[in-house]
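Listed below are the residues making up each chain.
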Amino acid sequence: MPVAAVLILAAGTFAIRFAGPLLRDRVTLPEKVQELMTASATVLLLALVAVSALTNGKQFGGWALALGVVVGGVAAWRKLPFVAVIVLAAATTAGLRLIGVA
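Below, the structure is looked at part by part.

Analysis parameters
- Residues numbered from 1 in each chain as written.
- Predicted model: local features only at pLDDT ≥ 70, side-chain atom pairs only at ≥ 80, totals over all residues.
- Heavy atoms only, no water.
- Helix = DSSP H or I, 4+ residues; strand = E, 2+ residues; numbered from the N terminus.
- Polar contact = N/O pair within 3.5 Å; in protein donor to acceptor, adjacent residues only side chain to side chain.
- Contact = heavy atoms within 4.5 Å.
- Expected span 1.5 Å × (residues − 1).
- Buried < 20%, exposed > 50% of the residue type's maximum accessible area, 1.4 Å probe, protein only.
- Patch = residues over 30% accessible without salt bridge, like charges linked within 9 Å, V, L, I, M, F, W, Y side chains within 5 Å.
- Areas by Shrake-Rupley, 256 points an atom, 1.4 Å probe, with all protein chains shown as cover.
- Salt bridge = Lys/Arg side-chain N within 4 Å of Asp/Glu carboxyl O.
- 1 Å grid on protein atoms, 1.4 Å probe; cavity = no way out; pocket = protein on both sides within 12 Å on 5 of 7 lines; lining within 4 Å.
- Points joined across faces, edges and corners; volume = space filled by probe spheres on them.
- Nonpolar A, V, L, I, M, F, W, Y, C, P; charged D, E, K, R; others polar.

### Describing the side chain of Thr93
Move 1: Turning to its location among the elements, Thr93 is positioned in helix 4 (residues 82-98).
Move 2: Within the structure, Thr93 has its side chain in polar contact with the backbone oxygen of Ala64 (distance 3.4 Å).
Move 3: Apart from the residues within four sequence positions on either side, Thr93 is in contact with Ala64, Leu65 and Gly68.

### Topic: helix 3 (residues 63-77)
Move 1: Between its first and last C-alpha atoms helix 3 spans 21 Å; for 15 residues at 1.5 Å apiece the expected length is 21 Å, and the two agree.
Move 2: Here helix 3 has its buried residues at Ala64, Leu65, Ala66, Gly68, Gly72 and Ala75.
Move 3: One or two residues past the end of helix 3 sits Lys79, with phi positive at roughly 65 degrees.

### Quick notes on a nonpolar patch on the surface
Move 1: A cluster of nonpolar side chains, Phe14, Phe18, Leu22, Leu23, Val27, Leu29, Val33 and Met37, forms an exposed patch at the surface whose accessible area comes to about 770 Å².
Move 2: Elements with a minimum of two residues in the nonpolar patch: helix 1 (3-23) and helix 2 (31-54).
Move 3: No other element matches the four residues that helix 1 contributes to the nonpolar patch.

### A short note on helix 2
Move 1: Spanning 24 residues, helix 2 covers 34 Å between terminal C-alpha atoms, matching the ideal 34 Å at 1.5 Å per step.
Move 2: Across the 24 residues of helix 2, zero count as buried, placing the element largely on the outside.

### Side note on the layout of surface pockets
Move 1: By volume, the largest pocket is sized at about 160 Å³.
Move 2: Every residue lining the largest pocket is listed: Gly20, Leu23, Arg24, Val27 and Leu29.
Move 3: Taken together, the residues of the lining of the largest pocket break down into three nonpolar, one polar and one charged.

### Quick look at unusual backbone geometry
Move 1: Notably, Lys79 is not glycine yet its phi reads approximately 65 degrees, a positive angle.
Move 2: Classification of Lys79 as exposed rests on a relative accessible area of 74%.

As structure tokens, then:
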């Protein structure tokens, strides 16, 4: 990526992040819009997690990886420590691959 493109993207990112605190007191959004924005941010994050965690390149990563992600998600939902979540997810995926689940 050319340096000019990186600088333009950096300036745009800074401008967007800087505009938030500046506009906080000037623009008020209805409560329904705020709830919708919160929900849409959550959905976008979950979609990003699903795509990055369940694919290997351009293909499906396999059932072992999918089940490892599910185990990690349940562990995180149960509020286990972060290290435990990672270890459980990795152990599940590795164990399933060891017994031949693709």
